[in-house]
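Secondary and tertiary structure notes
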Amino acid sequence: MSPSDCSPTATAPKNGARCFAANPRQVGWQTAMKRAIRSQSELRRLLGLAADPQAERAEAFPTFVPLELVSRITPGDPDDPILRQVLATADELAERPGFVSDPVGDLPAQRGGGLLHKYDGRALIVTHGACAVHCRYCFRREFPYLENGSRKQSWAPALQYIQDDESIEEVLLSGGDPLTLTDDVLAELIDRIEAIDHVRRLRIHTRLPIAIPQRVTAELVDRLDHSRLAVWVVVHSNHAQEIDFRVVAALDRLRRAGISVLNQAVLLAGVNDSVDALASLSLKLVDSGVVPYYLHQLDRVRGAGHFWVDIERGKQLLEQLRARLPGYAVPKYVIEQAGENSKTPIA
Ligand SMILES: *Cc1c(COP(=O)(O)O)cnc(C)c1O
Ligand code: SF4
C-alpha cells in the first residue's frame, strides 16, 4: 500500500482501518491502550497479511499491540522486525527441550505483595499485570500476574519488606509495565517509596515510551523531576525501527527532567541478530541520549524457542559491534540464570 492510498481523498472503505493503522490519530495514552489491537486476525488484516488459523491457536498468550506501534510496521512484510515481536506463529506451539514456564526463577524469589528480591541492594516491585505490548518472546508470558496483585492495596507487604531491610537502596518498578498505572496512582506509590529513608534510587522498567510515547506526560515528567530519589528509566527497544520521531521526543522529555535513560534489548532471531541491526539500534539510542545498557540472551520460556540465537553467534555479534561503535554504545551481553546474584555477563 503506498502512502497516497491513505490520502484523505482515498475512498475505498477497505483501506480505512489500514490507513488509520499507518497514521493513527493522536490520542491520550489511555485511549491508545483501549484501542490497541487484541487479535492476531485483526493484526494480520490491518497489515495486509493472509490469515493463519494455525497461529491463532497460539493466542493462549493474548495479543496486545497498540496502533502507535502498528504504524511503524511495514504493511505486507511478514519479516518486519517489529511485526516479528508481536505476531503469533505456529512455532510457539512447538515444544523445545529446555524451554520452560519460569526460566528465570521468579517464582521462588517472590516475597509476597509482588516483590522480587534476587540481588543485593535492589528490590523489584511487580507493579501491574498490564503491558503496553505483548511480546511473543516474553519471559513472563506465563507469569501468574493476576495472583501477583496489581491493585495498590496489595503493595503494602512489598513496601513493608523494603522498609524492614535497610540494605535495599534501590527500588525497581517493573511488571508488566508500571507506566500502565495512572499518573495519580504512580505518584502515590512513589510517595510511599520516598517515605522509606534508606531508599536512594528509583528505577522504572518500561516499554511504554517506545510503544505509546504519549505516555510520557507532563505530569509524569514533573513528578519524577521532583522526586528526592535519583531516577533511572530503563526502556526496552529491540530495533531502531521502533524509535520514530515521537519516541525520540518522549525520551527527550525524560532526559530534560534530569532522568537517566537506559535501554535493554533482547537478542532475537529474525529481529536484531545481525551486526547492522544491533549497530543501528545502538546509534539511534545514543543519538537520542539513551545508553544501551543490556543485550539479553533470550530467556528460555516455553513458546519462544524460534527466537533463540546461539550464544556463540551472540559473542561474534558483540565483537563486531565493539569494532564499529564507541565503547558507550556497546551494551553488556548478559544472560539471566536462576539462583545467580546478578545477571551473568557473556561477552
Ligand atoms: C534484573 C533484575 C534486577 C536489576 O538488575 P541490574 O543488573 O541492576 O539491572 C533487579 N531485580 C531483579 C529481580 C531482576 O530480575
Ligand atoms: S513489555 Fe516486557 S513484560 Fe511486557 S510482554 Fe513485552 S517483554 Fe514482557
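Everything numeric in this text was worked out from a predicted model, so none of it was measured.

**Quick look at the site of ligand 1**
All residues adjacent to ligand 1 are Lys 118, Tyr 119, Arg 122, Leu 124, Leu 172, Arg 203, Tyr 293, Tyr 294, Glu 336 and Lys 343. Contact between ligand 1 and Tyr 293: an oxygen atom at 2.7 Å from a side-chain N or O atom of the residue. Between ligand 1 and Lys 343 there is a distance of 3.0 Å, counted from an oxygen atom to a side-chain nitrogen or oxygen. Calculation on ligand 1 without its partners gives an accessible area of 390 Å², and the protein chains cover 92% of this total. Contributing elements (two or more residues each) for the shell around ligand 1: strand S1 (115-119), strand S2 (122-128) and strand S7 (291-296). For the shell around ligand 1, a count of residues per class yields five nonpolar, no polar and five charged.

**A closer look at the site of ligand 2**
Neighbouring residues of ligand 2: Cys 131, Val 133, His 134, Cys 135, Cys 138, Arg 207 and His 236. Tallied by class, residues from the shell around ligand 2 come to four nonpolar, two polar and one charged.

**Here we look at the pairing of strand S4 (residues 201-206)**
Strand residues, when the strand is regular, have side chains that alternate between the two faces of the sheet. The buried fraction of S4 amounts to five of the six residues, a majority that puts the element mostly inside the structure. Sheet analysis places strand S3 (residues 170-175) next to S4, joined by four bridges and oriented parallel. Each residue of the ladder has a partner; that of Leu 173, found in S4, is Ile 204. Crossover connection from S3 via helix H9 (residues 183-194) to parallel S4: handedness right-handed.

**Some thoughts on the pattern of salt bridges**
This model, assessed by the stated rule, comprises 19 salt bridges. One salt bridge connects Arg 72 with Asp 244, and the closest N-O pair in it is separated by 3.4 Å. Placement of the pair is Arg 72 in the loop between helix H5 (67-70) and helix H6 (83-86) and Asp 244 in the loop between strand S5 (230-236) and helix H12 (245-256), with a sequence separation of 172 residues. Looking at Arg 72, the relative accessible area reads 8%, which means it is buried. Given a relative accessible area of 19%, Asp 244 falls into the buried group.

Thresholds, definitions, all that
- Residues numbered from 1 in each chain as written.
- Chains lettered and ligands numbered in written order.
- Predicted model: local features only at pLDDT ≥ 70, side-chain atom pairs only at ≥ 80, totals over all residues.
- Heavy atoms only, no water.
- Near = heavy atom within 4 Å.
- Polar contact = N/O pair within 3.5 Å; in protein donor to acceptor, adjacent residues only side chain to side chain.
- Areas by Shrake-Rupley, 256 points an atom, 1.4 Å probe, with all protein chains shown as cover.
- Helix = DSSP H or I, 4+ residues; strand = E, 2+ residues; numbered from the N terminus.
- Nonpolar A, V, L, I, M, F, W, Y, C, P; charged D, E, K, R; others polar.
- Buried < 20%, exposed > 50% of the residue type's maximum accessible area, 1.4 Å probe, protein only.
- Pairing = 2+ DSSP bridges.
- Right-handed = clockwise from strand over helix to strand, strands pointing away.
- Salt bridge = Lys/Arg side-chain N within 4 Å of Asp/Glu carboxyl O.

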